[in-house]
Amino acid sequence: MKKIAFPVALILAFAGLPLLIKSNYLLGILIIIGLYAIIVIGLGILMGYAGQVSFGHAAFFGIGGYTVAVLTTACHWPSIAALIAALILPGLVAAIIGGPTLKLKELYLALATLAFGILVHILFNELKGITGGPSGLTGIPYFTVGGLVFDRDIRFYYLVWSAVLLVSLGVNNLIHSRVGRAMRAVRESEHASESVGIDTAALKLQAFVFSAVLAGLAGGLYAFYVTFISPSPFGFHTSVQFVLMAVVGGLGTFWGPLLGAGLVVALGEALRWATPLVIPGAGGEYQIIFFGAILMLVMIVKPGGLGAVMDLFKKSEEGEAH
Amino acid sequence: MLEIKCLEVCHGWVQALRGLSFQVVRGEMLAVLGLNGAGKSTLLGALAGLYKIKKGDILLDGESLSGKPPHQIVKLGISLVPERREIFNSLTVIDNLLLGAYHRYRYKKNEVIIDVVKIMDLFPALRGKENHPAGTLSGGLQQMLAIGRGLMARPRLLLLDEPSVGLAPLVTREIMTTLAELKKTGVTIILVEQNTAAALKVADRALVMERGGIVMSGKPRDMMENSRVQQACLGRTRAVQPAAAL
């Protein structure tokens, strides 16, 4: 009973939050946190369980976004079909590039995914006929399903956080399954994993594709939310931010992605507001300095990330229960 | 059961195995002896599909293993217990054992659960530690877990790479006793060991390797007093201590 009390309370708190928040700006931040959390959950599987790193996930986020944008504006697909396509296309791209890329190890893999991210970002800018180039695509319709139009922030909030909940539950099941166990084994020792019969190459590819599908889902929802898309949110900087969220949140922890996405987005917004108060006239570069300093502090105090603190609470609760 | 024909394996430019040929019959325990760098672990790695075969072939019941990846070789019935155990430290004892049956777990879950109980019967010292992280176990228990994990694949051929390394003599004796028990169940075993006396005590046959090739093979009792064996396995001429002294 005690085991489910906390998650249920959290779900209820999230469900009730929009009733307390009257500001669309704050609701918007919570929606973005939810979208980023979906990506970081996938990245957490790739980095925290399969032991691989990707600096190219903004590309999959972007592919998902542009898939929805192109299919709904140029091809007039229904929302749900476009969103499904936004899951499939990044997954396919990940399956194609993952084969050769995941053979690389550590630094080389990071560089290969970084190069992929940069390449896709260039394509977003240069394929003007499809993506609209740097100006992007406008006129993306609101997400509509069964007559319900998600045209207000509060509705989109519930849509995004329902997706976060479903993805979290799915991933929680995955990591406690045979495949999740194998992923944790690969993270510990690829050599030993192979000796027990795990097809490590296939498993890493599956984790990569899965994380790309989640990034595509977030990208698709993002396009429906902002109804306008341009290359700027899908650059290298965003990929680094996703990795940062995953690491700060805590790799291989259940709460890590939510906490990481929440902290990084909230911190960025808070510093945008607070920095000019401390240093009048200060620009974005000062925000970055404070941002870096605070994140360094978090990593020094809690190298396992914020999720590790939550898991510690959970363990101590379980200990008391026993 | 197992036939190795003119096997050659290279690590980069270094030739680790030089035209190795031998056979293992079903139910036999073969000890592979030799100094560090003789090629013993490479031989097991090649059998498990971890190293590419440059020349020659490995046949398991007539089926070639050449070019097959490790996960397929495990499915065919060869299970490797790696050197220094290589258990998954952060995973629990149960998770480690279940991973040993990775390819069977999806379709034969109940059978796998029964096998976990059997492993616990074989290594009672692991009882009560099922949910402990494997990394917190003592060296001896970790070795038992590693062997248990290897057995969870229900292998036709079990490959053991230096199971006694880093263990106290008492624990080594316990492990060797268990291996002798295992042999009685009909599992074919290739045991790579530097502890010559302990290996010769339990093995049916032994072969001695030097610089990637076989320099001698025969019955353990013939090898006990053989000075060539001492030279190849210990790097000096000294009689092998009676295994009972372990």
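Quantities reported herein were computed from a predicted structural model and do not represent experimental measurements.

Scoring rules and cut-offs
- Residues numbered from 1 in each chain as written.
- Chains lettered and ligands numbered in written order.
- Predicted model: local features only at pLDDT ≥ 70, side-chain atom pairs only at ≥ 80, totals over all residues.
- pLDDT = per-residue confidence, 0-100.
- Helix = DSSP H or I, 4+ residues; strand = E, 2+ residues; numbered from the N terminus.
- Pairing = 2+ DSSP bridges.
- Contact = placed C-beta atoms within 7 Å.
- Axes fitted to C-alpha atoms, helices over the stretch in contact; angles between N-to-C directions.
- Expected span 1.5 Å × (residues − 1).
- Bend = angle between axes of the 7 residues up to and from the residue.
- Buried ≥ 20, exposed ≤ 12 C-beta atoms within 10 Å, placed from the backbone.
- Nonpolar A, V, L, I, M, F, W, Y, C, P; charged D, E, K, R; others polar.

**Q** Give a detailed account of the confidence of the model for chain A, specifying residues and quantitative values.
**A** Scored by pLDDT, chain A has a mean of 87; 93% of the residues are at 70 or more. Least confident of the elements in chain A is helix α14 (residues 306–321) of chain A, whose mean pLDDT is 59; most confident is helix α3 (residues 57–73) of chain A, at 96.

**Q** So what about the sheet that holds strand β2 (residues 14–24) of chain B? Which residues, and what values?
**A** All names here are of chain B. Pairing is antiparallel in the open sheet, where 4 strands are placed in the order β2-β1-β4-β5. Edge positions in the sheet fall to β2 and β5 (63–64), since each of these pairs with one other strand and no more. As paired elements, strand β1 (residues 2–11) and β2 share 7 bridges and run antiparallel to each other. Directly across from L2, in β2, lies its bridge partner V24. Running over the sheet, helix α1 (residues 40–47) touches β1, β2 and β4 (55–60) and is turned about 70 degrees from β2.

**Q** Could you give an account of helix α2 (residues 24–49) of chain A, with specific residues and numbers?
**A** All names here are of chain A. Over its 26 residues, α2 runs 36 Å from end to end, which matches the ideal 38 Å to within 8%, given 1.5 Å per residue. Taken as a whole, α2 carries its principal kink of about 25 degrees at L43. Summarising burial for α2: 20 of the 26 residues are buried, a large majority. A positive backbone phi angle near 70 degrees is found at G51, which sits one or two residues after α2.

**Q** Tell me about the interface of chain A and chain B, and name the residues and values.
**A** Of the residues lining the interface, 15 residues belong to chain A; the matching set on chain B comes to 23 residues. Going through the elements one at a time, α8 (178–188) and α9 (190–195) of chain A are the ones with two or more residues in the side of chain A that touches chain B. With 6 residues, the top contributor of residues to the side of chain A that touches chain B is α8 of chain A. Considered class by class, the residues forming the side of chain A that touches chain B number 5 nonpolar, 4 polar and 6 charged.

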